[in-house]
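# Chain and residue survey
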Amino acid sequence: MSGKERRRHTRHKTPESCFAALRAESTTVGRIRDISKGGLSFEYLEDVDAPAHSDGGESVDLFMTGGGLFVRQIPCQTVRDNLAMHDDLTFSGIGIRRRGLQFEELNEQASHEVEAYIALCSRD
């Protein structure tokens, strides 16, 4: 596998105040690690009783702690969901997972809302 970047959109790291709530069979909430116009990745606590991720019908809400912009029901699909490595939690028994989402076809309004959210989250 080559090290060539395949993403079409620039990924932006986010501060600890940026969160995603994935809605499928159940709701999964976690901290956004990075985001672009094409999708995002977020980390969440593993719930062994929750159903495995679905292959469609998903949407994600984007929000920030302390107020700010709240973006609702962005259509998406899970493209990756795996165990995240964190040295500080290795022996705690808590599983932290990282899920990658790809945004589906966004209408003009949803596209503008995602761009506004990225602008707020990527400020230094």
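Here goes a summary of the coordinates provided. (Residues numbered from 1 in each chain as written. Predicted model: local features only at pLDDT ≥ 70, side-chain atom pairs only at ≥ 80, totals over all residues. Heavy atoms only, no water.)

### Quick word on the side chain of Arg 97
Counting through the fold element by element, Arg 97 comes out in strand E7 (residues 96-103). For Arg 97, a relative accessible area of 18% gives the class buried. Polar side-chain contacts of Arg 97 include one of 3.0 Å to the backbone oxygen of Asp 81. Setting aside anything within four residues of it in sequence, one finds Arg 97 in contact with Phe 42, Glu 43, Tyr 44, Glu 46, Asp 81, Asn 82, Leu 83 and Ala 84. (Helix = DSSP H or I, 4+ residues; strand = E, 2+ residues; numbered from the N terminus. Buried < 20%, exposed > 50% of the residue type's maximum accessible area, 1.4 Å probe, protein only. Polar contact = N/O pair within 3.5 Å; in protein donor to acceptor, adjacent residues only side chain to side chain. Contact = heavy atoms within 4.5 Å.)

### Some thoughts on the nonpolar core
Of all hydrophobic cores here, the largest spans 21 residues; its most connected members are Ile 32, Leu 40, Phe 42, Val 60, Leu 62 and Tyr 117. For this core, the secondary-structure elements that each account for two or more residues are strand E2 (18-23), strand E3 (27-36), strand E4 (39-45), strand E5 (58-64), strand E6 (71-83), E7 and helix H1 (108-121). Among the elements that line this core, the one with the most residues is H1, at five residues. The contacts of Tyr 117, once residues within four sequence positions are left out, are Cys 18, Phe 19, Ile 32, Ile 35, Leu 62, Phe 63, Met 64, Leu 69 and Val 71. (Core = buried A, V, L, I, M, F, W, Y, C linked by side-chain atoms within 4.5 Å.)

### Remarks on the state of the cysteines
Under the criterion given, the structure shown has one disulfide. The disulfide that involves Cys 18 links it to Cys 121, with 2.3 Å between the sulfurs. Note on the Cys 18 and Cys 121 pair: the S-S dihedral is about -115°, so by sign convention the disulfide is left-handed. Pair noted here: Cys 18 is in strand E2 and Cys 121 is in helix H1, with a separation of 103 residues, a long-range link. In this structure Cys 121 comes out as buried when scored by relative accessible area, which is 1%. (Disulfide = S-S within 2.5 Å.)

### Some points on the pattern of salt bridges
In the structure shown here, the tally under the stated rule is seven salt bridges. Of the charged contacts in the structure, one is a salt bridge between Arg 23 and Asp 61, with a shortest N-O distance of 2.7 Å. You can see Arg 23 sitting in strand E2 and its partner Asp 61 sitting in strand E5, a full 38 residues away along the chain. The class for Arg 23 is partly exposed, based on a relative accessible area of 34%. Taking the relative accessible area as the measure of exposure, Asp 61 reaches 4% and is therefore buried. (Salt bridge = Lys/Arg side-chain N within 4 Å of Asp/Glu carboxyl O.)

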